[in-house]
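# Residue-level structural notes
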Amino acid sequence: MIFAALAAALTVSATCDLEHPSGRPGCTRAAVDALPMNRLQTLGTHNSYKMAIAPKEMASVRRANPKAADTLDYSHPPLTEQLNAGARQLELDYVNDPDGGRYLTPLGRKMVPDTTPYDLSPLAKPGLKVMHVPDIDYRSVCPLFVDCLKEIRTWSKAHPDHVPILIIMNLKQDQLKVPGAVPLLPFDAKAMDEIDHEIRSVFPENELVTPDRVQGKHKTLREAVLAGAWPKLKTARGKFMFAIDEDPKVVEAYRGDRKSLEGRVCFINSPNEDHPAAGYFTLNEPHELGQRISRDVARGFIVRTRADADTSEARKNDRSRQVEAFASGAQYVSTDYPEPDPRFGPYETHMPDHLIARLSPVGAAK
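Now for a quick tour of the structure. Note that this is a predicted model, so its numbers are computed, not measured.

With that out of the way, let us pick up the overall build of the chain. Along its length, the chain carries 15 helices and 11 strands. Over its C-alpha atoms the chain spans a radius of gyration of 20 Å, differing by no more than 12% from the 21 Å that the globule rule assigns to 366 residues. C-alpha extents for the chain along the principal axes are approximately 60 × 50 × 40 Å. Burial status across the chain gives 55% buried among its 366 residues. Excluding contacts between residues fewer than 6 apart, the proportion of contacts in the chain whose partners are at least 24 apart in sequence is 72%. Averaging the coordinates of the 47 positive side-chain charges in the chain and doing the same for the 49 negative ones gives two points 3 Å apart.

Here it is in structure tokens:
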């Protein structure tokens, strides 16, 4: 099986679109579908849910902290538009709100009344709420996590041949140090279970790439990944992989007392390469971590990195980071600029040759 996957990779052209093979030599559906899913490289969006902060509220943030305001000054269109444009990795961050209503009256809105329309009523419902910074950067294209997932799945059912989509998630529980800010609830064991419950309430098991699916009969998830056990693209098309992008303390709370991630929906940003649940890594700095990214990809791990951050590259039209991100071989490269922001200039990030997904330039060892 390992040699068959290697042979398939050798027959696929670097300019072949893995989502829509052309049928030309080096770009046939049969050869592409024989690849394991960790051989792809595709583009995604960072904080995919984020709407712009309302003008008056942004002006207030800028007066208080101009540097922070710069880092928050970006936004994205609805998730369906991003998917239509080729995004195959999304980020959905959320806060814990089991009873509903905790985040219904954002401090920034109370301090600087702004007439920019935004419907806060979904925040009254119980469940995970999608937002960037509670009280300040709270506007989301889909405030309820479940509603985000429903929108994504609706798009997927209309495009069943898409390459596997990675959805990464930050669990917002660091308290904003501003007087009057709403106290955030921690993600305790019950909240961790709620994450899986909400995902499974939308996606049936056969539409998910889970740790159990990859681990199979191997002793640990790491062992499976090093053995080349990722599903082939033929079976991974139309499916979703979820990953919790957090520090070791948080991901260990999600893992609990499991040997790997048995029974869980999500992969975790593994604490290190030797961890029994190692399968996925968030390595956001391709300049500093490029060699590490390439090494992990070559060993069979899946990696997400970033082409830009904090609006810095866009303001300077600096594309060096995105070049390093693609060259690292990371399977999922995230950007805030799939399209230019005309306020800053022409900066944008797109896949080489404007493909949706290509063969990663770094080959898996297995």
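Text resumes after the structure shown.
Bringing the sheet that holds strand β1 (residues 40–45) into the picture now. A sheet is described by the order of its strands in space; here five strands give the open sequence β8-β9-β10-β1-β11, paired in mixed fashion. If you trace the sheet from one side to the other, it starts and ends with β8 (280–282) and β11 (357–359), each paired once. In this sheet, neighbouring strand axes are inclined to one another by 20° on average, regardless of whether the strands run parallel or antiparallel. Note that β1 and strand β10 (residues 332–335) share four bridges and pair parallel. The partner of Thr42 across the bridge, within β10, is Tyr332. Set on the sheet, helix α13 (residues 286–299) makes contact with β8 and β9 (302–306); between it and β9 the angle comes to about 165°.

Another point: the packing of α13 against helix α15 (residues 320–327). Running from amino to carboxyl end, α13 crosses α15 at an angle of 5°, the nearest separation of the two axes being 9 Å. Between α13 and α15, the interaxial angle falls into the category roughly parallel. Of the residues in α15, those in contact with Pro286, His287 and Ser294 of α13 are Arg321, Glu324, Ala325 and Ala327. Looking at the contact of α13 with α15 residue by residue, the class counts come to three nonpolar, two polar and two charged.

Right, let's talk about the state of the cysteines for a bit. This structure, assessed with the given rule, holds two disulfides. The side chain of Cys16 participates in a disulfide bridge whose partner is Cys27; the two sulfur atoms lie 2.2 Å from each other. Where Cys16 bonds to Cys27 through sulfur, the torsion about that S-S bond is close to 75°, and the disulfide is right-handed. A residue pair is termed long-range when its members are at least 10 positions apart, and Cys16 in the loop between α1 (2–11) and α2 (29–33) and Cys27 in the loop between α1 and α2 qualify at 11 residues. Judged on exposure class, the residue Cys16 and its partner Cys27 are both buried.

Per the stated rule, a full pass over the model turns up eight aromatic pairs. Relative to Tyr347, the ring of Tyr337 lies with its centre 5.8 Å away and its plane at 85°, an arrangement referred to as edge-to-face. With Tyr337 in the loop between β10 and β11 and Tyr347 in the loop between β10 and β11, this residue pair connects regions lying 10 residues apart in the sequence. The same class applies to Tyr337 and to Tyr347, which are both buried. Taken together, the aromatic side chains of Tyr94, Phe145 and Phe187 make up a single cluster linked through ring pairs. Against the face of Tyr74 rests Lys50, its NZ or CZ located 4.8 Å from the ring centre. Between Arg264 and the ring centre of Tyr254, over which it is positioned, the NZ or CZ distance is 4.2 Å.

Calculation notes
- Residues numbered from 1 in each chain as written.
- Predicted model: local features only at pLDDT ≥ 70, side-chain atom pairs only at ≥ 80, totals over all residues.
- Heavy atoms only, no water.
- Helix = DSSP H or I, 4+ residues; strand = E, 2+ residues; numbered from the N terminus.
- Rg over C-alpha atoms; globule rule 2.2 N^0.38 Å.
- Buried < 20%, exposed > 50% of the residue type's maximum accessible area, 1.4 Å probe, protein only.
- Contact = heavy atoms within 4.5 Å.
- Lys, Arg positive; Asp, Glu negative; His and termini not counted.
- Charge placed at Lys NZ, Arg CZ, Asp CG, Glu CD.
- Pairing = 2+ DSSP bridges.
- Axes fitted to C-alpha atoms, helices over the stretch in contact; angles between N-to-C directions.
- Parallel < 35°, antiparallel > 145°, perpendicular 65-115°, else oblique.
- Nonpolar A, V, L, I, M, F, W, Y, C, P; charged D, E, K, R; others polar.
- Disulfide = S-S within 2.5 Å.
- Phe/Tyr/Trp six-rings, centres within 6.5 Å; stacked < 30°, edge-to-face > 60°.
- Lys NZ or Arg CZ within 6 Å of the ring centre and 35° of its normal.

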